[in-house]
Amino acid sequence: MTCPRIEIDLTKIEENARTLVTLLSGRGIDVTGVTKATLGSPEVAKAMIAGGVVRLGDSRLENLEALRDAGIQAPLTLLRSPTPDQADRTVACASLSQVSERDVVEALSGAAGRRGVVHGLVLMVELGDLREGVLPENALDFARHISLTPHVALAGLGTNLACRAGVVPSADNMGELSALVNRLESELGQHLSLVSGGNSANLAWAIAAPAGRINDLRLGESILLGCDPLTRIPLNGLHADAFTLVVSVIESLAKPTAPRGATGEAAFGVPTQTGERGTIIQTIAAIGRQDVDPDGLAPPQGISVLAASSDHLVLESQHHLPPGTEIHFGLDYSALLRVMTSPFVATALFATTCLPTLIRPSPPPVPPPSPSPFATRP
Ligand SMILES: *Cc1c(COP(=O)(O)O)cnc(C)c1O
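Note that the structure is a prediction, hence the values are computed from the model and not measured. (Residues numbered from 1 in each chain as written. Predicted model: local features only at pLDDT ≥ 70, side-chain atom pairs only at ≥ 80, totals over all residues. Heavy atoms only, no water.)

**Q** I'd like a description of the layout of surface pockets, backed by residues and values.
**A** If you add up the space inside the largest pocket, you get close to 850 Å³. Considering the residues around the largest pocket, the lining is formed by 30 residues, among which P271, T272, L306, A307 and A308 are closest to the centre. Within the residue set of the lining of the largest pocket, elements represented by two or more residues are strand 12 (243-256), strand 13 (279-285) and strand 15 (303-308). A per-element tally of the lining of the largest pocket places strand 15 first, with four residues. Taken together, the residues of the lining of the largest pocket sort by class into 16 nonpolar, ten polar and four charged. Here the second largest pocket defines a volume of roughly 590 Å³. Lining the second largest pocket are 27 residues, and of these K36, R131, N160, C163 and N199 sit closest to its centre. (1 Å grid on protein atoms, 1.4 Å probe; cavity = no way out; pocket = protein on both sides within 12 Å on 5 of 7 lines; lining within 4 Å. Points joined across faces, edges and corners; volume = space filled by probe spheres on them. Helix = DSSP H or I, 4+ residues; strand = E, 2+ residues; numbered from the N terminus. Nonpolar A, V, L, I, M, F, W, Y, C, P; charged D, E, K, R; others polar.)

**Q** Let's hear about empty space enclosed by the protein: which residues, and what values?
**A** Over the atoms a probe the size of a water molecule is rolled, and this reveals where empty space is left. Per the stated rule, a full pass over the model turns up one cavity of 30 Å³ or more. In this model, the largest cavity occupies a volume close to 50 Å³. Forming the walls of the largest cavity are T32, R55, T77, L79, L96, Q98, V122, L194, S196, D216 and R218. At the level of elements, strand 5 (96-99), strand 8 (194-196) and strand 9 (216-219) are the ones that each hand at least two residues to the lining of the largest cavity.

**Q** Explain the site of the ligand to me, and be specific about the residues and the numbers.
**A** In the neighbourhood of the ligand, 14 residues make up the surrounding shell, with K36, S200, R218, G220 and E221 lying closest. Within the side chain of S200, a nitrogen or oxygen atom sits 2.5 Å from an oxygen atom of the ligand. Here a nitrogen atom of the ligand sits 2.8 Å away from a polar atom, N or O, in the side chain of R218. In isolation the ligand has 380 Å² of accessible area, and contact with the protein removes 94% of it. Given that more than half its atoms are within 2 Å of the pocket grid, the ligand belongs to the second largest pocket. Taken together, the residues of the shell around the ligand sort by class into four nonpolar, five polar and five charged. (Near = heavy atom within 4 Å. Polar contact = N/O pair within 3.5 Å; in protein donor to acceptor, adjacent residues only side chain to side chain. Areas by Shrake-Rupley, 256 points an atom, 1.4 Å probe, with all protein chains shown as cover. Sits in = over half its atoms within 2 Å of the grid points.)

**Q** Can you lay out the packing of helix 6 (residues 139-147) against helix 7 (residues 171-188) for me, pointing to particular residues and giving the numbers?
**A** Two elements in contact, helix 6 and helix 7, have axes separated by 10 Å at closest approach and are oriented at 45°. The pairing of helix 6 with helix 7 is recorded here as oblique in orientation. Considering how the two elements wind past one another, helix 6 and helix 7 form a crossing that is right-handed. Facing helix 6, whose interface residues are A139, L140, A143, R144 and S147, helix 7 presents L180, R183, L184, E187 and L188. (Axes fitted to C-alpha atoms, helices over the stretch in contact; angles between N-to-C directions. Parallel < 35°, antiparallel > 145°, perpendicular 65-115°, else oblique. Left-handed = near helix turned anticlockwise from the far one by under 90°. Contact = heavy atoms within 4.5 Å.)

**Q** Can you tell me about the side chain of S196, naming the residues and giving the values?
**A** Inspection of the secondary structure assignment puts S196 in strand 8. A polar side-chain atom of S196 sits 2.8 Å from a polar atom in the side chain of R218. Filtering out sequence-adjacent residues up to four positions away, S196 remains in contact with L157, G158, T159, L177, D216 and R218.

**Q** Quick one: what's the story with unusual backbone geometry, residue by residue and with numbers?
**A** C3 connects to P4 through a cis peptide bond whose omega is -10°. The backbone of L130 shows a phi angle near 60°, a positive value even though the residue is not glycine. With respect to the element layout, L130 can be found in the loop between strand 6 (119-124) and helix 6. Looking at L130, the relative accessible area reads 51%, which means it is exposed. Its identity is not glycine, yet R232 carries a phi of approximately 60°, on the positive side. With respect to the helices and strands, the residue R232 is situated in the loop between strand 10 (227-228) and strand 11 (233-234). Judged by its relative accessible area of 45%, R232 is partly exposed. (Buried < 20%, exposed > 50% of the residue type's maximum accessible area, 1.4 Å probe, protein only.)

**Q** Requested: an account of helix 7, with residues and values cited.
**A** If you check helix 7, its first and last C-alpha atoms are 25 Å apart, about what 18 residues at 1.5 Å a residue would give, namely 26 Å. Of the positions making up helix 7, those classed as buried are N173, M174, L177, S178, L180, V181, L184 and E185. The buried side chains of helix 7 occupy one side of the element, clustering within an arc of 155° when seen end-on. For helix 7, the exposed residues set more than 90 degrees away from the buried face come down to A171, D172 and S186. Close packing links the buried residues of helix 7 with helix 6, strand 7 (152-158), strand 8 and helix 8 (203-208). Once helix 7 ends, the next one or two residues include G189, with phi positive near 65°. (Expected span 1.5 Å × (residues − 1). Arc of directions from axis to C-beta.)

**Q** Tell me about the domain arrangement of the chain, and name the residues and values.
**A** Looking at the chain, the domain boundaries give domain 1 (9-234) and domain 2 (243-350). With centres defined by C-alpha atoms, the gap from domain 1 to domain 2 works out at 36 Å. The partner domain 2 presents ten residues to the twelve residues of domain 1 that form the contact. The junction of domain 1 with domain 2 conceals about 1,100 Å² of combined surface from both sides, 74% of it contributed by carbon and sulfur atoms. It is D9, A37 and L225 in domain 1 that bury the most area against domain 2; as a group they hold 43% of the surface buried on that side. Here domain 1 is connected to domain 2 by zero salt bridges. Summed over the shared surface of domain 1 and domain 2, the number is one residue pair in polar contact (both at pLDDT 80 or more). Secondary structure elements with two or more residues in the side of domain 1 that touches domain 2: helix 1 (10-25) and helix 9 (221-225). Taken together, the residues that form the side of domain 1 that touches domain 2 break down as six nonpolar, two polar and four charged. (Domains from an automatic or database assignment. Buried area = accessible area lost by both parts, 1.4 Å probe. Salt bridge = Lys/Arg side-chain N within 4 Å of Asp/Glu carboxyl O.)

Right, here's the structure in full:
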């Protein structure tokens, strides 16, 4: 098979989705499956739907359009505000958009009117992480404005934490969102059906604290990589190995560990200093920073990552590996994003046939051995 390639186990993604959907449904929270790390892969989306997510979300219009073009019927949410000039494309493929600017609301209203539809809006509220969203004190005015705008309907409120400043979703900030929803409902005399509390970083909160008014989480990383983004530790009961990067060796030679000659900056800034450890087997794999974040790679036993330039991944291996040897790596979110976005990496989708009974949806799962299903693995 061609290299480099990313192998995607759709069964593991489906099982991760099902495990999270089952867990959160007990707390009155639906799951929006987020596909952006796979560029809106229809197959990954179908695996998430099979696992029980109620809708799909993506931050990029192109990815949502790919899902629609593939015939996916599930409701779609645009997770990043469209630009005004994307309004027509947005209402054509998404049923909900997350918004925080009046000009964007106007543009979506116009586009929805032209298309003869009502477009749903989720008003994003900034609760401390300082990325998108209006300040809480401005939410009521904005919500009123939406209520008075034709062809759009305020579906509810949303917030996003942890992505920019690493602010942890907590009983405090989630309580603030619930209280804001209650206040807006009584001021507007309107029920807000969707309260989207955040992303995979909200899982620890969702398990530990009462959900309040939050009835939706937008989950990408936890479904795809089975880990908690706040700690990057695998979540118990989830597969952390649904994705594998396979790369070919192009050179494997005995070389000294320390460079020879005066050194300046390398291709990507100041290289990490290496002390002389004698001769090692230095192995080069045919992939580079253009295709992957080398810091996010988990190499197999006996292999370590020494450095990477645009097109060369420099490894240390215990043995000489002939050119053409395939090396399998695990990936973190950063590595996955770049791999999926590189046109030089092929995609190989497969489904494992035998499902571990442990995480099947029915009959109801036996209680896990650890008190919380989100306890970290030993
Ligand atoms: C990417 C994204 C998500 C999903 O985040 P994960 O950490 O992958 O679960 C949720 N909401 C928004 C607004 C996003 O951009």
